[in-house]
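This is what each chain is made of:
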Amino acid sequence: MNLDPRTVSAAEFPDWVRAVGTGFLRSSGPVPEEEVAVRLAHTDLARVQGVFDGGRCVATFRSFAQELTVVGGATVPADAITGVTVTPTHRRRGLLGRMMAADLAAAKERGDVVASLIAAEYPIYGRYGFGPASWTAEWEIDVPRAGLDPRARVPSEADGGRIELVEGADVRKLGPELHGRLAARQHGVVSRDERWWERSTGVDVPASEAWKEPFHAVYRSADGETDGLITYRADDHWGDRKQPLNTATVAGLIAASPAAERALWRFVCSIDWITTVRTGYRAPDDLLPLLLPDPRAARVVTQADWLWLRVLDVPRALEARTYASEAALVLDVRDASGLAGGRFLLEASPSGASCAPTTRDADLALDVAELGALLLGDESPVRLAALGRLDEHRAGAAALADTVFRAPRRAWCPDVF
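Bear in mind that the values here come from a model prediction, so they are computed numbers and not experimental data.

Draft legend 1. Spatial organisation of the overall build of the chain. Along the chain, the regular secondary structure elements total 11 helices and 19 strands. Relative to its length of 417 residues, the chain is compact, with a C-alpha radius of gyration of 23 Å against a globular reference of 22 Å. The buried share of the chain, reckoned over its 417 residues, is 50%. Considering only residue pairs separated by 6 or more positions, the chain has 71% of its internal contacts joining residues 24 or more positions apart. Surface accessibility of the chain: about 19,500 Å² in total, with carbon and sulfur atoms responsible for 51%. Taking the average location of the 48 positive side-chain charges in the chain and that of its 58 negative ones, the two points are 3 Å from each other.

Draft legend 2. Molecular detail of the sheet that holds strand E10 (residues 226-234). Read across the sheet, seven strands follow the order E8-E9-E10-E11-E12-E7-E13 without closing on themselves; strand pairing throughout is mixed. One side of each edge strand has no neighbouring strand; the edge strands of this open sheet are strand E8 (162-166) and strand E13 (298-305). Here the strands of the sheet are splayed against their neighbours by 25° on average, with no regard to which way each runs. Contacts from helix H4 (residues 168-183) reach E8, strand E9 (215-220), E10 and strand E11 (246-255), with the element oriented near 125° to E10. Helix-sheet contacts for helix H6 (residues 258-268) involve E8, E9, E10, E11 and strand E12 (274-278), and the interaxial angle to E11 is about 170°.

Draft legend 3. Representation of the packing of aromatic side chains in the model. Per the stated rule, a full pass over the model turns up 10 aromatic pairs. Seen in terms of ring centroids, Phe215 and Tyr232 are 5.2 Å apart; in terms of plane orientation they differ by 20°. Their pairing is stacked. Separated by 17 residues along the polypeptide, Phe215 in strand E9 and Tyr232 in strand E10 bring together distant segments of the chain. Ring centres 4.8 Å apart and planes at 75° place the aromatic pair Trp238 and Trp273 in the edge-to-face group. Note that Trp238 is positioned in the loop between E10 and E11 and Trp273 in the loop between H6 and E12, a separation of 35 residues in sequence. Residue Trp273 is classed as exposed on the basis of its relative accessible area, which comes to 54%. Linked through ring pairs, Phe215, Tyr232 and Phe267 together constitute an aromatic cluster.

Draft legend 4. Region of interest: the side chain of Arg310. For Arg310, the location among the structural elements is in strand E14 (residues 307-311). A polar contact of 2.8 Å, which involves the side chain of Arg310, links it to the side chain of Ser337.

Draft legend 5. Just unusual backbone geometry, in detail. With phi around 55°, Asp204 is a residue other than glycine that occupies positive phi space. Within the element layout of this structure, Asp204 appears in the loop between helix H5 (194-200) and E9. At Trp273, a position not held by glycine, the phi torsion is positive, near 80°.

Draft legend 6. Fine view of the packing of helix H1 (residues 13-23) against helix H2 (residues 33-41). Relative orientation of the contacting elements H1 and H2 amounts to 100°, with a least axis distance of 10 Å. Regarding the angle of H1 to H2, the classification is roughly perpendicular. Counted together, Phe13, Pro14 and Val17 of H1 and Val36, Arg39 and Leu40 of H2 form the full contact between these two elements. In terms of residue class, the contact of H1 with H2 is built from five nonpolar, no polar and one charged.

Draft legend 7. Quick look at H1. Counting buried positions along H1 yields nine of 11 residues, so the element is predominantly enclosed. Of the surrounding secondary structure, the elements contacted by the buried residues of H1 are H2, strand E2 (48-53), strand E3 (56-69) and strand E4 (75-86). Downstream of H1 by one or two residues, Leu25 has phi in the positive range, about 60°.

Draft legend 8. A look at the nonpolar core. In terms of nonpolar packing, the biggest core is built from 44 residues, with Leu68, Val114, Val314, Leu318 and Phe405 touching the most fellow members. If sequence neighbours within four positions are ignored, Leu68 has contacts with Ala74, Thr75, Val76, Ala78, Val114, Gly188, Val189, Val190, Leu307 and Leu309. Listed in part, the 28 residues of the second largest apolar core include Ala146, Ala248, Leu292 and Ala297.

Conventions used here
- Residues numbered from 1 in each chain as written.
- Predicted model: local features only at pLDDT ≥ 70, side-chain atom pairs only at ≥ 80, totals over all residues.
- Heavy atoms only, no water.
- Helix = DSSP H or I, 4+ residues; strand = E, 2+ residues; numbered from the N terminus.
- Rg over C-alpha atoms; globule rule 2.2 N^0.38 Å.
- Buried < 20%, exposed > 50% of the residue type's maximum accessible area, 1.4 Å probe, protein only.
- Contact = heavy atoms within 4.5 Å.
- Areas by Shrake-Rupley, 256 points an atom, 1.4 Å probe, with all protein chains shown as cover.
- Lys, Arg positive; Asp, Glu negative; His and termini not counted.
- Charge placed at Lys NZ, Arg CZ, Asp CG, Glu CD.
- Pairing = 2+ DSSP bridges.
- Axes fitted to C-alpha atoms, helices over the stretch in contact; angles between N-to-C directions.
- Phe/Tyr/Trp six-rings, centres within 6.5 Å; stacked < 30°, edge-to-face > 60°.
- Polar contact = N/O pair within 3.5 Å; in protein donor to acceptor, adjacent residues only side chain to side chain.
- Parallel < 35°, antiparallel > 145°, perpendicular 65-115°, else oblique.
- Nonpolar A, V, L, I, M, F, W, Y, C, P; charged D, E, K, R; others polar.
- Core = buried A, V, L, I, M, F, W, Y, C linked by side-chain atoms within 4.5 Å.

Here it is, written out as structure tokens:
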């Protein structure tokens, strides 16, 4: 039986989409032609893999071009991986491993610096050299307990800003520039193309995804600059005594300034009838809980790994970012696949770095997956050493690396893909 992965043709794409639905437990039936056409129009088939058994797709894999912001604000080209499934009847046959190997080899040939993904399950991707490079958290806010003054204007008159409700068309116009400003200062952010903004505002949404128009609001500073954007939805839940018990769920919040961030959170927490706010996935060190007079009103409901990275080019990955202090470290990077292993001298500084192969004795030895976890400064070399995932060959090297790789804020990826 030939179960070799191959590139999917346009004629096979409808069955590939069906197999994705099966793998993610959405549906096993055929996908409407209109939905397939929408997906196909925005898919590069050269980067779509499938495995077929008797003419039926039983495994899926897709990648696309992406830009990733690293510490310091520079971006690197990434191979973004998505749509990875293996049908339950064909597990444990090495299908994912072969699709992954083919995709990573192609990404390396293209010159991508890293591969990226959002892992549905934690144990899967470490064996392919991926490490969790950022984490995410979600809070649920008990608004009446938060201590906010219900009579206060939002935002306060002191900062001179204002908040305006806008439409989806305005979001498509204003959002990309705002997102670009966020990406310039927040490591872990990934690029969004035009299609992302269309789907998030209801344009050409697949028929299988029921669309409910959300609310959008922007924050404009005193000089009229649009510095923030929030998108949220609200349910309709009233108690037995005719008391509003509605929940606002934030789908996204972009802030280009602390003032915008503060104003937008206070805005959504001040909407009449809203007694609970779900924040959506945020950075683990988000400002939000401490913005409230009573931070205990914000309860963590999700805390988990989020963006996983697989380094494909060690020198380019380490040279792209900046570092907290000056230091020289020799890293012995192990990579069983042979894509990115070797011994490298990293000469780091706050203004940049150089990284090149070396024959010098190693200060630290680690797997390429651990390097991915360290790349955005969200993991500690000292902690990895304590876990037995990093070997210290020079006394104090892990502590030195900890101070060098650390970033002022934690990495954050606002997107799922």
